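Observations on the three-dimensional arrangement
What follows is each chain in one-letter form.
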Amino acid sequence: MSLTRGLASPRTPLRRFLDRELSAGVRRLRASYLAQLPTTPLIWPGPGVGYEAGTVGTAIDQRLRFAFTQVAGVDAATVMGVDHLRATALALGEHAAWEVMETVGRQLLERLRATISELQLDDRGRPLARTEEEEEHLARLLLGAAWYALNFRNPVAFPLTPLCKAAFADTGAFTLTTLLALPHHDLVRDTVAQVRTAGSGPLGQLRRATVPEMCLPGPTFDGSAYVAADADLIVDGLLIDFKSTRRTERFPLPMILQLLGYTLMDFADRYCIDRVGVCLTRAGALITWPIEDYLALLGARRRNLTELRAAFQQLLAYTGCRADDDPLPEELPGVEQLLADLAPLIGLGCCRVCAQPMAQPMLGPGRARLYCSSFCRGRAPSLRYRGWLP
């Protein structure tokens with residue numbers, strides 16, 4: 001399992017913990033997101049993209065990481081996707097195509113590394129987007145790499161990729177040249193268009209304002225030892241998640257919680273994350289918040305980030321049930337006790353919803369104020385209905 005899958009289910013300890021902690025819900029944060037969303041036209045994929053939109057997303061993610069820093073090299077998922085081909089062959093049956101795909105995969109990795117080194121993609125003295133020919137070649141390399149990465153992330157779906165189909169259709173003729181010719185021209189154009197838009201927008205401005213040493217691609221966290229999680233990019237304390245979605249008006253709950261989850265998993269504050277944001281590559285937008293504002297908009301009951309991280313660490317370290325799994329019936333009592341132990345303490349003079357101290361805790365003699373604002377008063381019935389408020 002992983003952080004993203006654990007956030008998708010409302011029954012996991014991870015999701016239940018965050019749902020209860022964020023007393024304001026997501027309405028205010030979504031309003032802030034929409035207020036920052038530009039009205040410029042989107043980049044729409046051509047008809048040849050079809051079901052390969054996720055492949056484009058993986059390719060553009062890698063390309064933009066390289067624009068900031070090349071220190072990590074090729075994505076680990078791609079390398080492991082190539083490495084796992086022998087295991088896949090053993091699981092699905094011996095066939096010469098598996099060996100050929102592994103050979104071509106290693107040639108692809110070599111070509112991709114050489115191309116990245118030659119172009120020096122993180123050189124701030126050159127524009128983010130390179131010549132049309134260079135970007136098209138890079139796009140084909142990265143789209144092929146994305147197919148190999150799928151073999152690591154979802155090996156069941158890998159046989160459905162154009163790469164695997166072509167290798168099995170004519171194993172003897174499958175070469176690196178064959179692989180690079182596979183991506184539909186709409187896939188290539190879509191990837192290149194998003195790179196060019198990124199270079200001329202706020203992401204390009206951020207790149208020009210930084211140096212490679214300030215950037216970290218694909219970071220993992222202290223909490224990754226308990227729940228698999230790696231973010232896209234951290235730039236000078238700003239955690240960025242790349243999204244190539246066409247539905248830019250949506251800011252779904254899992255995406256909201258994913259940004260927060262990454263931040264909370266940095267238990268020791270190793271990356272000094274002080275801002276979080278999403279880069280919408282089809283809109284050329286970079287929408288960010290200071291982490292304290294992000295928590296405040298969500299109504300985090302434990303407003304102090306250090307305290308919230310400590311509670312999150314206890315949640316992930318619990319051995320009675322994985323935090324990203326739906327509890328089994330026999331695990332449920334332990335999970336309920338854990339969540340009860342991690343519940344925020346709401347003291348006298350604090351708002352019953354957000355748990356923050358109130359400037360005026362009394363309405364008059366013998367009349368205590370229960371809520372700090374009309375917003376919290378309005379949220380109380382919903383929280384009480386869900387069992388998150390006594």
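Residues numbered from 1 in each chain as written. Predicted model: local features only at pLDDT ≥ 70, side-chain atom pairs only at ≥ 80, totals over all residues. Heavy atoms only, no water.

A look at the domain arrangement of the protein chain
Under the domain assignment, the protein chain is made up of domain 1 (1-40 + 218-344), domain 2 (43-215) and domain 3 (349-389). The C-alpha centroid of domain 3 is placed 25 Å from the C-alpha centroid of domain 1. Across the contact, 11 residues belong to domain 1 and nine residues belong to domain 3. Where domain 1 meets domain 3, there are zero salt bridges. Put simply, domain 1 and domain 3 have four residue pairs in polar contact (both at pLDDT 80 or more) between them. When residues of the side of domain 1 that touches domain 3 are traced back to their parent elements, those giving at least two are α2 (13-21) and α3 (27-36). Residues belonging to the side of domain 1 that touches domain 3 are distributed by class as follows: three nonpolar, two polar and six charged. (Domains from an automatic or database assignment. Contact = heavy atoms within 4.5 Å. Salt bridge = Lys/Arg side-chain N within 4 Å of Asp/Glu carboxyl O. Polar contact = N/O pair within 3.5 Å; in protein donor to acceptor, adjacent residues only side chain to side chain. Helix = DSSP H or I, 4+ residues; strand = E, 2+ residues; numbered from the N terminus. Nonpolar A, V, L, I, M, F, W, Y, C, P; charged D, E, K, R; others polar.)

Digging into helix α11 (residues 185-199)
Taking 1.5 Å of rise per residue, 15 residues should cover 21 Å, and α11 covers 21 Å from first to last C-alpha, within 8% of that figure. Buried residues of α11: Asp186, Leu187, Val188, Asp190, Thr191, Val192, Gln194, Val195, Ala198 and Gly199, and no others. On its buried face, α11 is in contact with α4 (53-68), α8 (132-153) and α12 (202-208). (Expected span 1.5 Å × (residues − 1). Buried < 20%, exposed > 50% of the residue type's maximum accessible area, 1.4 Å probe, protein only.)

What to know about helix α15 (residues 305-317)
Spanning 13 residues, α15 covers 18 Å between terminal C-alpha atoms, matching the ideal 18 Å at 1.5 Å per step. Among the residues making up α15, those that are buried are Leu305, Leu308, Arg309, Ala311, Phe312, Leu315 and Leu316. Looking down the long axis of α15, one finds its buried residues gathered within 165° of arc, a one-sided arrangement. Of the surrounding elements, those touching the buried residues of α15 are α2, α13 (253-265), α14 (291-298) and α16 (332-341). A side-chain oxygen of the first residue of α15 lies 2.8 Å from the backbone nitrogen of threonine 306; this N-cap is asparagine 304. (Arc of directions from axis to C-beta.)

Quick notes on the packing of aromatic side chains
Using the criterion set out here, one finds eight aromatic pairs in the structure. Through a chain of ring-to-ring contacts, three or more aromatic side chains come together here, namely Tyr33, Phe251, Trp289 and Tyr294. Taking NZ or CZ as reference, arginine 28 lies 4.4 Å from the ring centre of phenylalanine 375, over its face. (Phe/Tyr/Trp six-rings, centres within 6.5 Å; stacked < 30°, edge-to-face > 60°. Lys NZ or Arg CZ within 6 Å of the ring centre and 35° of its normal.)

What about the pairing of strand β4 (residues 275-280)?
Burial of β4 is extensive: five of the six residues sit out of reach of the surface. The pairing of strand β3 (residues 238-243) with β4 spans six bridges and is parallel. Paired with aspartate 241 across the two strands is valine 278, which belongs to β4. Tracing the backbone out of β3, into α13 and back to the parallel element β4 gives a crossover that is right-handed. In the sheet, β4 pairs with strand β5 (residues 285-290) via six bridges, with the strands oriented antiparallel. The residue of β5 that forms the bridge with valine 278 is isoleucine 287. Between β4 and β5, which pair antiparallel one after the other, the connecting turn spans four residues, and glycine 284 there sits at a positive phi close to 65°. (Pairing = 2+ DSSP bridges. Right-handed = clockwise from strand over helix to strand, strands pointing away.)

Observations regarding the sheet that holds strand β2 (residues 233-235)
If you walk across this open sheet you meet the five strands as β1-β2-β3-β4-β5, and the pairing is mixed. At either margin of the open sheet sits one strand with a lone partner, and together these are β1 (215-217) and β5. On average, adjacent strands in this sheet sit at an angle of 20° to one another, irrespective of strand direction. Contacting β4 and β5, α3 crosses the sheet at an angle of about 140° to β5. Along the sheet face, α4 touches β1, β2 and β3 and points at about 150° away from the line of β3. (Axes fitted to C-alpha atoms, helices over the stretch in contact; angles between N-to-C directions.)

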